[in-house]
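Each chain is listed here by its residues.
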Amino acid sequence: MYIHPHLNKFIKKESILSYNNPKYEYNIIEKFGLREIKDYKNTQYRGNIDWDLISPSFVYSFLNDGNEQLISILSKSEMSKKENIIVEVGYGGIVLILKTKDFFKYWEEILLASRQGFPVISEDGTLIMEFLENDQLIYSNFLIG
């Protein structure tokens, strides 16, 4: 199983919930009952989650934030109260369960490995984020920053 080099330093075997393999399919957008946008070019969003159906929803630009600044901002968010998060590296890629504090520490490596963006959902499914690389935005159902 190939793990992107950016992920090797913090991924443990027990963190892997699924791998992009028909035998281990796991799409967190669908698993948590969210509507997935198949053709995002026809929407205002560049991600795969239909944020029109999620209320409340917020957007945060990390265009001018450095890594440490965004870690600090995320660490003060509602998501920081959750022990674990589930992240899908890219869309249709490897699905991981991580300690939230580890996710905050390594969000940038996950974004680099995803090459486009990725969804993040709290283990209980109540908090949702979607990181978008090209636009350097985070959509969420809670306030960030």
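Values in this document were obtained by computation on a predicted structure and should not be read as measured data.

Criteria and cut-off values
- Residues numbered from 1 in each chain as written.
- Predicted model: local features only at pLDDT ≥ 70, side-chain atom pairs only at ≥ 80, totals over all residues.
- Heavy atoms only, no water.
- Buried < 20%, exposed > 50% of the residue type's maximum accessible area, 1.4 Å probe, protein only.
- Helix = DSSP H or I, 4+ residues; strand = E, 2+ residues; numbered from the N terminus.
- Arc of directions from axis to C-beta.
- Axes fitted to C-alpha atoms, helices over the stretch in contact; angles between N-to-C directions.
- Parallel < 35°, antiparallel > 145°, perpendicular 65-115°, else oblique.
- Left-handed = near helix turned anticlockwise from the far one by under 90°.
- Contact = heavy atoms within 4.5 Å.
- Nonpolar A, V, L, I, M, F, W, Y, C, P; charged D, E, K, R; others polar.
- Salt bridge = Lys/Arg side-chain N within 4 Å of Asp/Glu carboxyl O.

Quick one: what's the story with helix H3 (residues 67-75), residue by residue and with numbers?
Listed in full, the buried residues belonging to H3 are Leu70, Ile71, Ile73 and Leu74. For H3, the angular spread of the buried residues around the axis is 165°, confining them to a single face.

Account for the packing of H3 against helix H4 (residues 100-114), with residues named and values stated.
Packing of H3 against H4 leaves a shortest axis separation of 9 Å and a crossing angle of 140°. Our classification of the angle between H3 and H4 gives oblique. Remark: the crossing between H3 and H4 carries right-handed chirality. The segment H3 lies against H4, with Asn67, Leu70, Ile71, Leu74 and Ser75 engaging Phe104, Lys105, Trp107 and Glu108. Counted by class, the contact of H3 with H4 contains five nonpolar, two polar and two charged residues.

Can you explain the pattern of salt bridges? Please cite residues and give values.
Pairing between side chains becomes possible if they bear opposite charge and their charged atoms approach one another. This model, assessed by the stated rule, comprises four salt bridges. Residues Arg35 and Asp50 are paired through a salt bridge, measuring 2.2 Å at the closest nitrogen-oxygen approach. Of this pair, Arg35 sits in the loop between helix H2 (28-31) and strand S2 (58-61) while Asp50 sits in the loop between H2 and S2, placing them 15 residues apart in sequence. In this structure, the salt-bridge partner of Glu83 is Lys99, at a minimum N-O distance of 2.9 Å. Of this pair, Glu83 sits in the loop between H3 and strand S3 (84-88) while Lys99 sits in strand S4 (residues 95-99); the two residues are 16 residues apart in sequence, bridging distant segments of the chain.

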